[in-house]
Amino acid sequence: MKLSWRTLGMTLYLLALALPIYWLINMSFKSNIEINSGLSLWPHHPVLDHYEYIFTDPAWYNGFLNSITYVALNTVISVTIALPAAYAFSRYRFIGDKHLFFWLLSNLMAPPAVYAMPFFNLYSEVGLFDTVWAVALAHCLFNVPLAVWILEGFISGVPREIDETAAIDGYSFPRFFIKIFVPLIANGIGVAAFFCFMFSWVEQLLATTLTTVDAKPIVAVMTRAYSAAGMDWGLLAAAGVLTMIPGAIVIWFVRNHIAKGFALGRV
Amino acid sequence: MNDKPIYQRAWFFVLPVLVFVLFSSLIPMMTVVNYSVQDSMGQNNFFWNGAGWFQGLFDPTTDIGGRFAGALVRNLFFSLVVLLIEIPLGIAVALCIPRHGWQVGAVLVAIALPMLIPWNVVGTIWQIFARQDIGLLGAALNGLGIPYNDTQDPLSAWSTIVVMDVWHWTSMVALLCYAGLKAIPDAFYQAARIDGARRWAIFAKIEFPKLRKVLVIAVLLRFMESFMIYTEPMVVTGGGPGEATSFLSLDLVKIALGQVDLGNAAAMSLVYNLITLTLCWIFFTFTTHADQKGDA
């Protein structure tokens, strides 16, 4: 009896999650004529026109490439620089450590809308405006503190005796860090990378503000579907469906660590 | 925790992070502070305006003050509603996640999916889903005789945004709680079974206390995100109808990038940022203090 309640609850929740997504997929396979001619629960004359259009128009597929490029850059930068900092916060005390940690976290609480205008000025000034680097660096604002926070949680779960034993065994610090420590917290690094990917991939406000032509991300290209001739619902839906795929692939890889990752390594 | 050695050279470890965050947080913040105390006559001629912008912002009788107060109240109410729905629902969903077998992985991937969808696509999904002509939700509600129009009627717009947020983020609360539940040793449940504890007693005495720590993180993250919400309502309602769903970030972007009203935007940014920080700090210290008392 207890089991069936749980299954029922979960089934209902999954259905509620799936319904809007199903509707988007449904739309993406309909021609615009069929969309506008009334409601139907599945495409009666499925077409691939919208997908074909996206894969053949450079503005659209470059949007995808731009997005993936800055997300990858951001993830690599964030995790690389957060790793030593997280180690320091987890293992040592030093002057101002607590203040610095809170100040870092306070960046997570800063609304991106606040930064939109100053980032526009800053990146124009240093000549990075409308490049993937601008977006990759801008997203460090919240991804670096997040990566430090997650990694600190995971590193604190590794006993300090390991560091000491390695030192006694004659490992130099850099060799210990790369050869022994990084493999030990590989899960934590994976989870941190996942979160950096996630928040960089889903963010739209800064990505749109910092780009105009060359580095336009897919989230900005999608506004092309709102044209003077009205909404191109099918095209918009197809682009939406495609943006879900990278996320789905990435979750699949971290599925066994995802729950602990969301608890930021603190369970 | 307190036996950590003091090692001042650990500063070198945090140096890269410090440089990055200085560049991407402190320098931009200084421009905001700069704008907030100056006024411009155009052509980059700035002059000192003291606390002028802030006085306008805190005076609800002025145009900008009224807008800010309205957006702040709307946004606080929105965060409250969203937390009241998502936290209990998230706990319930976490209790429904299967415990063994291949279903665990499949369910975790499925419920995490909404969070990996770009925010404007989330908006697009709900924009399409809620339309009265081509959307399943809008058409079904109107078909049932419920008057629903998310672009005309404030109540419909509000409920759409709230339901969308619940759809988008309940899974995060659920995943956090699931991690908390998994940390409970089986022995606890066995002991409860021997004592003949009812389901509710198991939840109240064993599960809920263990969830406290992750729930603090959940409430904090959900509050922050809902207080900064921008993209999803922007796509679905554009802040309308009228001003009904224009939350703080939407209003701020309108002022800063739409009207390029730098002084007002900067003053608003600083106050907005300070409110977020203060609320998080109060909540965080309050709950950690309560926790320490509970442990003692």
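Residues numbered from 1 in each chain as written. Chains lettered and ligands numbered in written order. Predicted model: local features only at pLDDT ≥ 70, side-chain atom pairs only at ≥ 80, totals over all residues.

Caption draft 1: Spotlight on the overall build of chain A. Across its full length, chain A carries 14 helices and two strands. For chain A, the spread of C-alpha atoms along the three principal axes comes to 75 × 65 × 30 Å. Relative to its full complement of 267 residues, chain A shows a buried share of 48%. (Helix = DSSP H or I, 4+ residues; strand = E, 2+ residues; numbered from the N terminus. Buried ≥ 20, exposed ≤ 12 C-beta atoms within 10 Å, placed from the backbone.)

Caption draft 2: Main features of the overall build of chain B. Within chain B, the secondary structure is distributed over 12 helices and two strands. For chain B, the sequential pattern of α-helices and β-strands runs α-β-β-α-α-α-α-α-α-α-α-α-α-α. Seen along its three principal axes, the alpha-carbon backbone of chain B occupies a region of about 75 × 70 × 35 Å. For chain B, buried positions account for 39% of its 296 residues. Counted over contacts in chain B with a minimum sequence separation of 6, partners at least 24 positions apart contribute 68%. (Contact = placed C-beta atoms within 7 Å.)

Caption draft 3: Highlighting the domain arrangement of chain A. Residue and element names in this part refer to chain A. What the domain assignment lists for chain A is domain 1 (1-47) and domain 2 (56-262). Centre-to-centre separation of domain 1 and domain 2, based on C-alpha positions: 31 Å. The interface is formed by eight residues belonging to domain 1 together with seven residues belonging to domain 2. When contributions to the side of domain 1 that touches domain 2 are tallied by element, the ones reaching two or more residues are α1 (2-28) and α2 (32-36). Element by element, the count of residues in the side of domain 1 that touches domain 2 is highest for α1, at four residues. Among the residues making up the side of domain 1 that touches domain 2, the classes are represented as four nonpolar, three polar and one charged. (Domains from an automatic or database assignment. Nonpolar A, V, L, I, M, F, W, Y, C, P; charged D, E, K, R; others polar.)

Caption draft 4: Representation of the interface of chain B and chain A in the model. Taken together, the 75 residues of chain B in the interface contact 77 residues of chain A. In terms of residue count, the dominant contributor to the side of chain B that touches chain A is helix α1 (residues 11-36) of chain B (13 residues).

Caption draft 5: Molecular detail of α1 of chain B. The terminal C-alpha atoms of α1 of chain B, which comprises 26 residues, lie only 33 Å apart, well short of the 38 Å expected from a rise of 1.5 Å per residue. The largest bend along α1 of chain B reaches roughly 40° and is located at Leu22 of chain B. (Expected span 1.5 Å × (residues − 1). Bend = angle between axes of the 7 residues up to and from the residue.)

Caption draft 6: Region of the structure containing helix α10 (residues 186-202) of chain A. Along its 17 residues, α10 of chain A runs 24 Å from first to last C-alpha, staying within 8% of the 24 Å computed at 1.5 Å per residue. Summarising burial for α10 of chain A: 13 of the 17 residues are buried, a large majority.

Caption draft 7: How the structure looks around unusual backbone geometry. Residues and elements named next belong to chain A. Even without a glycine there, the phi angle at Asp130 is positive, about 65°. In this structure, Asp130 sits in the loop between α6 (112-125) and α7 (132-156). Asp130 sits in the partly exposed class, given 17 other C-beta atoms within 10 Å.

Caption draft 8: How the structure looks around the confidence of the model for chain A. Here chain A averages 85 in pLDDT, while 95% of its residues score no lower than 70. Across chain A, the secondary-structure element scoring lowest on mean pLDDT is strand β1 (residues 226-227) of chain A, at 64, and the one scoring highest is helix α4 (residues 58-91) of chain A, at 91. (pLDDT = per-residue confidence, 0-100.)

Caption draft 9: Focus on the packing of α4 of chain A against α1 of chain B. Between α4 of chain A and α1 of chain B, whose axes approach to 7 Å, the crossing angle comes to 125°. Between α4 of chain A and α1 of chain B, the interaxial angle falls into the category oblique. When the axes of α4 of chain A and α1 of chain B are compared, the crossing they make is left-handed. On the side of α4 of chain A, the interface is formed by Ile81, Ala82, Pro84, Ala85, Tyr87 and Ala88 of chain A, while α1 of chain B contributes Phe13, Val14, Pro16, Val17 and Phe20 of chain B. Tallied by class, residues from the contact of α4 of chain A with α1 of chain B come to 11 nonpolar, no polar and no charged. (Axes fitted to C-alpha atoms, helices over the stretch in contact; angles between N-to-C directions. Parallel < 35°, antiparallel > 145°, perpendicular 65-115°, else oblique. Left-handed = near helix turned anticlockwise from the far one by under 90°.)

Caption draft 10: Geometry of the packing of α10 of chain A against helix α13 (residues 233-254) of chain A. Residue and element names in this part refer to chain A. Direction vectors running N to C along α10 and α13 enclose 165°, while the axes themselves pass 11 Å from each other. When the interaxial angle is binned, α10 and α13 end up roughly antiparallel. The handedness of the crossing between α10 and α13 comes out as left-handed. Along its contact with α10, which presents Gly190, Val191, Phe194, Phe197 and Trp201, the element α13 presents Pro246, Gly247, Val250 and Val254. Residue composition of the contact of α10 with α13, grouped by class: seven nonpolar, two polar and no charged.

Caption draft 11: Broad picture of the environment of Met115 of chain B. Along the polypeptide, Met115 of chain B turns up in the loop between α4 (102-112) and α5 (119-130). Residues Met115 of chain B and Lys210 of chain B, 95 residues apart in the sequence, show an inter-C-alpha distance of 25 Å. Leaving out residues up to four positions away in the same chain, Met115 of chain B has contacts with Met198 of chain A together with His168, Ser171 and Met172 of chain B.

Caption draft 12: Geometry of the nonpolar core. Counting 164 residues, the largest nonpolar core has Ala82, Val148 and Ala192 of chain A together with Leu176 of chain B as the members making the most contacts within it. Of all the elements, α7 of chain A adds the most residues to this core, at 18 residues. When sequence neighbours within four positions are dropped, the list of residues in contact with Val148 of chain A reads Ala82, Ala85, Ala86, Phe89 and Leu104 of chain A together with Val17 of chain B. (Core = buried A, V, L, I, M, F, W, Y, C linked by C-beta atoms within 7 Å.)

Caption draft 13: Looking closely at the environment of Tyr51 of chain A. As for its position among the elements, Tyr51 of chain A is in helix α3 (residues 49-56). Spatially, the C-alpha atoms of Tyr51 of chain A and Leu235 of chain A are 7.5 Å apart, while their sequence positions differ by 184 residues.

Caption draft 14: Quick peek at the environment of Leu89 of chain B. Examined against the element boundaries, Leu89 of chain B turns out to sit in helix α3 (residues 63-96). Apart from the residues within four sequence positions on either side, Leu89 of chain B is in contact with Val166 and Thr170 of chain B.

Caption draft 15: Structural detail: the confidence of the model for chain B. Per-chain confidence: chain B averages 84 in pLDDT, with 94% of residues scoring 70 or above. This complex was scored by the predictor with a pTM of 0.86 and an ipTM of 0.84.

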